[in-house]
Amino acid sequence: MASKNAAQTRTRLLLALWDLGGTQQEVMKGQLTKRIVSKTKKVADYQSILEELQEQGAIAITKKGYSLTSPKGLEVLSEGLRSGDFKFEGTIVGTRAANALVKWISQIDVAVTSADVPVNGVKGGAIASYDEFKSVALEVYDKLNQNYNLDNLVPIYRIRREIGDRVSREEFNTWLLEIQEKDILQLQGGSIEDSAPDKIEDSITTKVSGLRCYAKRLNS
């Protein structure tokens with residue numbers, strides 16, 4: 001592939017992998033293939049680009065699939081989308097690709113900066129304990145509540161996405177519920193503004209209380 005076409009293909013590949021949840025889980029090879037391989041190309045045409053991205057540290061490859069590394073993969077994707085050379089090929093843009101780009105734009109402040117950038121002065125490394133998670137989660141809560149005038153009801157999915165890959169999904173759920181048990185935050189039900197499945201998935205569901213979509217701080 002020519003260098004410009006390779007750069008565009010690389011960016012589209014990373015965008016598809018991100019949209020498929022590649023920062024939080026391994027994406028099966030077949031899933032990614034369906035997204036990126038056009039009718040005029042075959043999987044082998046993308047092998048060199050996949051290997052290049054792996055060597056660059058942007059993605060990880062296993063026998064089963066691919067994952068987008070953080071923060072490197074997000075940085076490479078962001079740079080590619082901002083490039084003046086980036087564009088979709090052909091005259092018709094696929095719905096999935098267009099929706100992925102819209103999703104990226106709507107979450108750009110979360111997707112790129114949450115990985116390894118300070119949040120209110122706190123360095124964005126991996127969170128290793130409940131106490132550290134509590135500190136970061138409450139700072140993120142206050143930041144979102146203030147910046148977006150959320151009237152003390154902050155969507156859980158926004159807290160999760162702001163913290164990003166600094167903590168696993170399981171630890172996020174466990175530690176956020178522990179914060180509630182200690183009467184620091186109250187997790188409440190309700191409906192997500194646009195009922196988006198991905199936002200509901202990024203909320204919390206418990207066996208006892210069901211779906212919890214919002215967090216309210218109890219102690220000021």
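Use the structure listed above.
This section reports on the structure supplied with the text. Since the structure is predicted, the reported quantities are computational estimates derived from the model, not experimental observations.

Cut-offs used in this document
Residues numbered from 1 in each chain as written. Predicted model: local features only at pLDDT ≥ 70, side-chain atom pairs only at ≥ 80, totals over all residues. Heavy atoms only, no water. Pairing = 2+ DSSP bridges. Helix = DSSP H or I, 4+ residues; strand = E, 2+ residues; numbered from the N terminus. Contact = heavy atoms within 4.5 Å. Axes fitted to C-alpha atoms, helices over the stretch in contact; angles between N-to-C directions. Phe/Tyr/Trp six-rings, centres within 6.5 Å; stacked < 30°, edge-to-face > 60°. Buried < 20%, exposed > 50% of the residue type's maximum accessible area, 1.4 Å probe, protein only. Expected span 1.5 Å × (residues − 1). Arc of directions from axis to C-beta. 1 Å grid on protein atoms, 1.4 Å probe; cavity = no way out; pocket = protein on both sides within 12 Å on 5 of 7 lines; lining within 4 Å. Points joined across faces, edges and corners; volume = space filled by probe spheres on them. Nonpolar A, V, L, I, M, F, W, Y, C, P; charged D, E, K, R; others polar.

Here three strands make up an open sheet; going across it, the order is β4-β8-β5 and the pairing antiparallel. This sheet does not close on itself; its edge strands, each paired only once, are β4 (154-155) and β5 (185-188). Bridge count between β4 and strand β8 (residues 214-217): two bridges; the pairing is antiparallel. Across the sheet, the residue bridging to P155 is Y214, located in β8. Sitting on the sheet, helix α7 (residues 130-147) is in contact with β4, β5 and β8, with an inclination near 95 degrees to β8.

A few words now on the pairing of strand β3 (residues 65-68). Of the strand pairs in this sheet, strand β1 (residues 27-28) and β3 are connected by two bridges, and their pairing is antiparallel. Bridge pairing in β3 links M28 to G65. Where strand β2 (residues 59-61) and β3 come together, three bridges link them in antiparallel fashion. Bridging from a neighbouring strand, I61 pairs with Y66 of β3. Between β2 and β3, which follow one another and run antiparallel, lie three residues.

What follows deals with the packing of aromatic side chains. Taken as a whole and assessed by the stated rule, the structure comprises two aromatic pairs. Centre to centre, the rings of F133 and F172 are 5.6 Å apart; their planes meet at 85 degrees, and the pair counts as edge-to-face. Of this pair, F133 sits in helix α7 while F172 sits in helix α9 (residues 169-181), and the two are 39 residues apart along the sequence. Side by side, F133 and F172 carry an identical accessibility label, which is buried. Among the aromatic residues, those joined into a ring-pair cluster are F133, F172 and W175.

Among the secondary structure elements, K63 is positioned in the loop between β2 and β3. You can call K63 exposed: its relative accessible area is 81%. Distance from K63 to K29, taken between C-alpha atoms, is 8.6 Å for residues 34 residues apart in sequence.

All right, on to α9 then. Spacing of three or four residues puts side chains on the same side of an α-helix, whose turn is 3.6 residues. In this model α9 runs 18 Å from its N-terminal to its C-terminal C-alpha over 13 residues, within 8% of the 18 Å that 1.5 Å per residue would give. What α9 keeps buried is the set F172, W175, L176 and I179. With its buried residues spanning 105 degrees around the axis, α9 presents them on a single face. Facing away from the buried side of α9, by more than 90 degrees, are the exposed residues E170 and E181. Buried residues along α9 sit in contact with α7, α8 (156-163), β5 and β6 (204-206). Backbone geometry just downstream of α9 places D183 in the positive-phi region, at approximately 55 degrees.

Quick look at empty space enclosed by the protein now. In this structure the tally under the stated criterion is one cavity of 30 Å³ or more. Roughly 50 Å³ of internal volume is contained in the largest cavity. Lining the largest cavity are K29, L32, T33, I36, V37, V43, Y46, L50 and Y66. Considering every element that reaches the lining of the largest cavity, the biggest residue donor is helix α2 (residues 29-36), with four residues. Its residues assigned to classes, the lining of the largest cavity comprises seven nonpolar, one polar and one charged.

This part takes up the sheet that holds β1. One open sheet accounts for three strands, arranged β1-β3-β2; its pairing is antiparallel. Since the sheet does not close on itself, it has two edges, and those belong to β1 and β2, each with one partner.

Nothing here speaks to function; it is all geometry.
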